[in-house]
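Remarks on the overall topology
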Amino acid sequence: MNTLQLDLNSHIWRVTLDRPQHGNALSAQLVTELDEVLARAERDLPAAVILAGSGRHFCTGFDLSDLAEESDDTLLARFVRIELLLQRIARAPYLTVAIARGRAMGAGADVFAACRLRLAEGNASFAFPGASGFGLVLGTRRLAALVGSSTALNWIETGRGVPAAEAQRAGLVSAFLPNEQSIAEEVSQQLNMPTHMAAALRSAIEPEAGMNDAKDLERLVRSAALPGLRDRISTYVQRAMAARLTVTD
């Protein structure tokens with residue numbers, strides 16, 4: 001694995017996104033490698049898989065560093081793979097845990113939201129700029145299920161940064177993490193329930209999970225397939241860079 005650090009030596013796996021120089025943004029390679037690890041977890045069935053980020057941030061979203069080499073079609077394919085990855089996380093037969101520090105943005109915030117136990121350090125912040133930034137529908141239903149429709153719409157339509165304290169009040173963050181020992185305690189509490197019972201409860205809460213996943217994928221494809229996806233993303237990147245320069249000045 002070139003983009004992940006793996007600790008798979010116990011019944012609780014720890015998978016660390018390892019592109020700190022790029023804010024752990026989701027490159028095509030990172031998505032492929034993470035999907036491979038989670039597929040292995042479905043076979044080996046650890047009790048839990050913890051997702052974290054190396055460096056300052058959890059995950060700053062979709063990797064846009066090689067945008068000039070992309071086309072609308074290749075971008076669409078990459079977004080589809082991310083949605084399928086999010087569905088794999090959300091439907092995992094083991095406990096999925098996310099630990100956020102620094103920024104969790106866009107698809108990175110969607111990874112966080114897809115996990116069942118969502119832990120955050122005090123400096124964490126979250127943003128969902130895909131719809132307002134370049135017209136992409138990704139992760140919307142999962143976010144609304146956690147924080148409610150009106151809050152989800154506000155966060156998505158504005159694309160604003162959401163501090164960890166606000167995210168916890170809304171239900172996105174399960175708990176704050178003062179130290180590493182707290183991780184073990186929070187995970188242990190979740191693991192007190194037998195796996196089959198936890199799965200039965202999830203099925204009862206969302207009996208049409210498969211249909212919802214199919215609709216999520218359809219909505220993503222319809223939004224991403226509109227002509228000019230790369231141009232929309234490029235415009236968003238330029239606006240974001242200009243905003244950062246203005247703040248710096």
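Residues numbered from 1 in each chain as written. Predicted model: local features only at pLDDT ≥ 70, side-chain atom pairs only at ≥ 80, totals over all residues. Heavy atoms only, no water.

1. Side note on the packing of helix α2 (residues 72-90) against helix α3 (residues 107-114)
- Remark: α2 packs on α3, axes separated minimally by 8 Å, with the N-to-C direction vectors making an angle of 20 degrees. Judged by the inter-axis angle, α2 sits roughly parallel to α3. Here α2 runs over α3; the crossing is right-handed. Only Ala107, Asp110, Val111 and Ala114 of α3 make contact with α2, whose side of the interface consists of Ile82, Leu86, Ile89 and Ala90. (Axes fitted to C-alpha atoms, helices over the stretch in contact; angles between N-to-C directions. Helix = DSSP H or I, 4+ residues; strand = E, 2+ residues; numbered from the N terminus. Parallel < 35°, antiparallel > 145°, perpendicular 65-115°, else oblique. Left-handed = near helix turned anticlockwise from the far one by under 90°. Contact = heavy atoms within 4.5 Å.)

2. A few points about the packing of aromatic side chains
- This structure, assessed with the given rule, holds 6 aromatic pairs.
- Summarising the aromatic geometry, the rings of phenylalanine 112 and phenylalanine 126 are spaced 4.8 Å apart at their centres and angled 45 degrees between planes, so their arrangement reads as tilted. In this pair, phenylalanine 112 sits in helix α3 while phenylalanine 126 sits in strand β7 (residues 125-127), placing the two residues 14 residues apart along the sequence.
- Residue phenylalanine 112 is classed as buried on the basis of its relative accessible area of 0%.
- The buried category is assigned to phenylalanine 126, whose relative accessible area is 1%.
- Judged by centre distance (6.3 Å) and plane angle (10 degrees), the ring pair of phenylalanine 128 and tryptophan 155 falls under stacked. Of this pair, phenylalanine 128 sits in the loop between β7 and α4 (130-134) while tryptophan 155 sits in helix α6 (residues 149-158), and the two are 27 residues apart along the sequence.
- Under the relative-accessibility criterion, tryptophan 155 is labelled buried at 1%.
- Here a set of aromatic residues connected by ring pairs shows up, and it is made of Phe62, Phe79, Phe134 and Tyr236. (Phe/Tyr/Trp six-rings, centres within 6.5 Å; stacked < 30°, edge-to-face > 60°. Buried < 20%, exposed > 50% of the residue type's maximum accessible area, 1.4 Å probe, protein only.)

3. Quick notes on the packing of helix α1 (residues 28-44) against α2
- The contact between α1 and α2 brings their axes to 10 Å, and the two run at 30 degrees. Here α1 lies roughly parallel to α2, going by the angle between them. The hand of the α1/α2 crossing is left-handed. Mapping the contact onto sequence places Ala28, Val31, Leu34, Asp35, Leu38, Ala39 and Glu42 in α1 and Arg78, Arg81, Ile82, Leu85, Arg88 and Ile89 in α2.
- Looking at the contact of α1 with α2 residue by residue, the classes come out as 8 nonpolar, no polar and 5 charged. (Nonpolar A, V, L, I, M, F, W, Y, C, P; charged D, E, K, R; others polar.)

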